[in-house]
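What follows is each chain in one-letter form.
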Amino acid sequence: TVKMILDCDTGVDDTMAIMYAALHPDIDLLAVGSVWGNVDVPTATRNTIHTLELVGRGDVPVAQGAAGPLLRKDTYFAYFVHGDDGQGNVYDGAPVGPAADTTAAQQIIDIVHANPGEVWLVPVGPLTNIATALALDPELPGLVAGVSIMGGNALAPGNATPVAEANIAHDAEAAAAVFRAPWPIIMAGLDVTMKVVITPERRAVLDAGGKAAQYMSRIMQHYGDFIGQSFGGWIATMHDTIAVAAAAGTLTINTAPVVNVEIDCSDGPSHGATVCDMRGLYAGFPPQEGAHCTVLLDIEESIADEVLALIAAYRRPG
Ligand code: BDR
Ligand code: CA
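Residues numbered from 1 in each chain as written. Chains lettered and ligands numbered in written order. Predicted model: local features only at pLDDT ≥ 70, side-chain atom pairs only at ≥ 80, totals over all residues. Heavy atoms only, no water.

By the naming in an unreviewed UniProt entry, the chain is Nucleoside hydrolase, taken from Microbacterium candidum.

What follows is the structure, given as structure tokens:
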């Protein structure tokens with residue numbers, strides 16, 4: 001099994017990613033960190049604990065992380081996409097168990113040192129907690145199996161701004177530190193995550209599933225309505241789950257060059273851009289010195305069917 005720690009700004013697609021990681025037999029989900037982004041960090045924490053309890057994994061510790069960006073003061077959220085509750089405005093109101101008595105960054109450091117070389121970090125929100133862990137423990141890059149990030153965009157347009165993807169745009173300085181650190185990175189960006197769609201037909205698989213699957217379908221209504229505005233009707237995406245599948249090795253990856261990636265932290269219109277050196281697409285450039293970022297460009301979108309089937313199959317015992 002693949003050991004991993006997720007770091008989530010638990011909104012709607014984060015919820016699906018947590019369910020997948022918690023339920024998949026080949027994944028050993030050691031812990032989850034919460035971070036601000038889609039929603040404020042206390043809401044992200046509550047939703048993360050709730051999701052784990054829904055799929056019978058209340059045993060997985062959840063540690064709360066950053067409430068805002070590393071350096072800048074402009075904290076903003078995406079309630080308009082994920083709902084005021086981060087659950088499509090239909091959170092079921094269930095009370096949840098306590099968060100762990102540590103921070104998301106410290107949790108990463110402690111678990112990675114206890115499992116040297118084995119743990120994948122899978123951040124699927126702003127990278128504030130990962131950058132904080134790096135600052136606290138510069139040895140971290142040599143101790144992880146890798147970092148599989150939902151974030152960025154190589155050739156695809158941005159979504160938070162014309163050039164920037166939301167997780168990067170939320171905290172560009174944190175992203176710059178994370179992409180610069182010498183660890184193996186997989187970048188699951190918009191180039192691939194926008195191509196894995198949950199159609200109404202696929203959603204029906206969840207509706208025919210157990211309680212957790214039905215809840216997942218319900219919280220997607222608002223999210224799919226928002227995304228569907230550009231696609232002529234309800235349709236949802238599962239951005240974050242793709243980063244989990246990439247780390248777990250359950251994703252079929254067709255094209256993924258290893259290139260240099262830098263983050264634009266300027267104050268201009270390209271703030272938050274993931275500047276990926278894709279010139280090799282034009283001419284077979286020699287391997288780029290020190291490149292350590294595998295940028296996903298083409299994957300099999302059938303991963304969606306595997307994810308939905310796994311979640312639909314879960315039945316709460318008793
Ligand atoms: C990313 O931003 C959020 O909307 C999603 O949770 C995902 O992590 C997509 O750009
Ligand atoms: Ca997210």
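There is more to say, and it comes next.
### Some details on the overall build of the chain
Note the following rule: Put simply, DSSP marks the helices as runs of H or I at least four residues long and the strands as runs of E at least two long, and each gets a number from the N terminus on. Values of the radius of gyration come from C-alpha atoms, whereas the globule rule sets the reference at 2.2 Å times the count of residues to the power 0.38. In what follows, a contact means two residues having at least one pair of non-hydrogen atoms within 4.5 Å. For accessible areas, the Shrake-Rupley method is used with a probe of radius 1.4 Å. Any residue's cover is judged against the shown protein chains and nothing else. Charge counting treats Lys and Arg as positive and Asp and Glu as negative, with His and both chain ends excluded. By convention, charge coordinates are those of NZ in Lys, CZ in Arg, CG in Asp, or CD in Glu.
Tallying secondary structure elements over the chain gives twelve helices and 14 strands in all. Here the C-alpha radius of gyration of the chain, 18 Å, is about what a compact globule of 318 residues would show, namely 20 Å. The long-range fraction of contacts in the chain, counting pairs at least 24 apart against all pairs at least 6 apart in sequence, stands at 82%. For the chain, the computed accessible surface area is about 12100 Å², with 57% contributed by carbon and sulfur atoms. Taken as two groups, the 14 positive and 36 negative side-chain charges of the chain have centres that lie 6 Å from each other.

### Looking at the packing of helix α1 (residues 12-23) against helix α10 (residues 211-228)
Put simply, the rule is: Fitted lines through C-alpha atoms give the axes, limited to the stretch in contact for helices. The angle between two N-to-C directions lies from 0 to 180 degrees. Our angle categories are set so that under 35 degrees counts as roughly parallel, over 145 as roughly antiparallel, 65 to 115 as roughly perpendicular, and the remainder as oblique. With the far helix as reference, a near helix turned anticlockwise by less than a right angle produces a left-handed crossing, and one turned clockwise produces a right-handed crossing. Gly counts as polar in this scheme, as do all residues outside two lists: the nonpolar Ala, Val, Leu, Ile, Met, Phe, Trp, Tyr, Cys and Pro, and the charged Asp, Glu, Lys and Arg.
Interhelical geometry of α1 versus α10 gives an angle of 160 degrees and a closest axis separation of 9 Å. Looking at the two axes, α1 sits roughly antiparallel to α10. For the pair α1 and α10, the sense of crossing is left-handed. The residues of α10 that touch α1, namely those facing Val 12, Asp 13, Thr 15, Met 16 and Met 19, are Ala 212, Met 216, Ile 219, Met 220 and Tyr 223. Per-class residue counts for the contact of α1 with α10 are eight nonpolar, one polar and one charged.

### With respect to the environment of Val 163
Mapped onto the fold, Val 163 is located in the loop between β5 (146-150) and α6 (166-170). Linking Val 163 and His 271, residues 108 residues apart in sequence, is a C-alpha distance of 7.8 Å. Those residues in contact with Val 163 that lie beyond four places of it in its chain are Asn 153, Gly 158, Pro 269, Ser 270, His 271 and Ala 273.

### Structural notes on the site of ligand 1
Quick note on the threshold: Here, proximity means that at least one heavy atom of the residue falls within 4 Å of the molecule or strand. For this analysis, a polar contact is any N or O atom pair within 3.5 Å, provided that within protein one partner can donate a hydrogen and the other can accept it, and provided that sequence-adjacent residues contribute only side-chain to side-chain pairs.
Close to ligand 1 lie Asp 13, Asp 14, Asn 38, His 82, Val 124, Met 150, Asn 159, Glu 165, Ala 166, Asn 167, His 239 and Asp 240, which account for all nearby residues. Asp 13 is positioned with one of its side-chain polar atoms (N or O) 2.6 Å from an oxygen atom of ligand 1. At 3.0 Å from an oxygen atom of ligand 1 is found a side-chain nitrogen or oxygen belonging to Asp 14. Out of a free accessible area of 280 Å², ligand 1 has 94% covered by protein chains. Where the shell around ligand 1 is concerned, the elements lending two or more residues are α1, α6 and α11 (239-248). Among the residues making up the shell around ligand 1, the classes are represented as three nonpolar, five polar and four charged.

### Side note on the side chain of Thr 51
With respect to the element layout, Thr 51 can be found in helix α2 (residues 41-54). From its side chain, Thr 51 meets the backbone oxygen of Asn 47 in a polar contact 2.7 Å long. Leave out the neighbours within four places in its chain, and Thr 51 touches Thr 10, Thr 15, Ile 18 and Met 19.

### Topic: the confidence of the model for the chain
Cut-off, in case you're wondering: On a scale of 0 to 100, pLDDT captures the predictor's confidence in every residue.
The predicted model of the chain averages 97 in pLDDT, with 100% of residues at 70 or higher. For this predicted complex, the interface confidence reaches an ipTM of 0.98, while the overall pTM sits at 0.98.

### A look at the state of the cysteines
Cut-off, in case you're wondering: Disulfides are defined as cysteine sulfur pairs within 2.5 Å. Summary of the burial criterion: residues with accessible area below 20% of their type's maximum are buried, those above 50% are exposed, and those between are partly exposed, where the area comes from a 1.4 Å probe applied to protein chains only.
Tallied over the full model, the rule gives zero disulfides. The structure places no disulfide on Cys 8, whose sulfur is separated from the nearest cysteine sulfur, that of Cys 293, by 19 Å. The exposure class of Cys 8 is buried, given its relative accessible area of 0%. Cys 293 takes part in no disulfide bond, and the closest cysteine sulfur to it belongs to Cys 276, at a distance of 6.5 Å.

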